[in-house]
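Coordinate inspection notes
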Amino acid sequence: MQTIDLSDVGLRETNKTLHAQAADTNQTQWEIINPRGSHAIACGLDAPIEVTVKGSTGYYCAGMNQQATVNIRGSAGPGTGENIMSGKIVIEGDASQYLGATGHGGLIVVKGNASSRCGISMKGVNIVVQGNIGHMSAFMGQSGNLVVCGDAGDALGDSCYEAQFFVRGSVKSLGADCEKKEMRDEHLTLLQGLLDEAGIDADPKDFTRYGSARNLYNFDVDNAGAY
């Protein structure tokens, strides 16, 4: 285990050290202490390493992640996991707004709640939230899966494309062109796999699936008020 004290080393040198790890590195376990809510911790990683941040983080932690696993032992600020490509991010506490924005792949797990715009413009990332999510989550979601074990706020999936949303609790309201969908066997299998990977014990049959009604794919003047 390699330990970095962020209060001594500083953010630039910390990220530089993590970026220097190659795919065949034998230094695969890293620990960052005293994060003190710093921004952009462990951004741009591209190696199969595991980084554990001992405390809460600020903006954009683990943004643009590839291959790496990043564990946050606290809560995470806005934009955590933004544009994630692969790998895994696990947040032990709550996540602030626009978690996983524009994410192309990988998995983000939140053991607490996620704020507004969770998964905005998601493009293939899988996000599993053990608690609740805020309003406008998955706005313009293009692909990927958003799993919510609690409740969802206003305008879930507004203007979404082919992303899927699985919610166990209530949904305050659905966004434009988002509708309730049939839950078939393949969806139950997919959801079970995501829950297992996230380490969450829940029955897929308790969830409701939502997705695009596909009415706003192409502009139609009759739908102008819905855009």
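Scroll up to find the structure this text is about.
Given the structure is predicted, the values throughout are model-derived calculations rather than measurements.

What follows deals with the pattern of salt bridges. Applying the stated criterion across every chain yields a total of seven salt bridges. The partner of Lys-181 in a salt bridge is Glu-179, with the nearest N and O atoms 3.2 Å apart. Relative accessible area serves as the criterion here: at 22%, Lys-181 is assigned to the partly exposed category. Accessibility expressed as a relative area gives 33% for Glu-179, which makes it partly exposed. A single salt-bridge network, built from bridges that share partners, covers Glu-182, Arg-184 and Glu-186.

On the surface, Asp-196, Asp-201, Asp-203 and Asp-206 cluster together to form a negatively charged patch. Within the fold, Asp-201 resides in the loop between α3 (185-198) and β11 (208-212).

If you walk across this open sheet you meet the eleven strands as β1-β2-β3-β4-β5-β6-β7-β8-β9-β11-β10, and the pairing is mixed. Each edge of the open sheet carries a strand with a single partner, namely β1 (2-5) and β10 (178-181). Each strand of the sheet is rotated relative to its neighbour by a mean of 15 degrees, with strand direction disregarded. The sheet contact formed by strand β5 (residues 88-91) and strand β6 (residues 107-110) spans four bridges and is parallel. Each bridged residue has a counterpart across the sheet, and for Val-90 the counterpart in β6 is Val-109.

Parameters at a glance
- Residues numbered from 1 in each chain as written.
- Predicted model: local features only at pLDDT ≥ 70, side-chain atom pairs only at ≥ 80, totals over all residues.
- Heavy atoms only, no water.
- Salt bridge = Lys/Arg side-chain N within 4 Å of Asp/Glu carboxyl O.
- Buried < 20%, exposed > 50% of the residue type's maximum accessible area, 1.4 Å probe, protein only.
- Patch = residues over 30% accessible without salt bridge, like charges linked within 9 Å, V, L, I, M, F, W, Y side chains within 5 Å.
- Areas by Shrake-Rupley, 256 points an atom, 1.4 Å probe, with all protein chains shown as cover.
- Lys, Arg positive; Asp, Glu negative; His and termini not counted.
- Charge placed at Lys NZ, Arg CZ, Asp CG, Glu CD.
- Helix = DSSP H or I, 4+ residues; strand = E, 2+ residues; numbered from the N terminus.
- Pairing = 2+ DSSP bridges.
- Axes fitted to C-alpha atoms, helices over the stretch in contact; angles between N-to-C directions.

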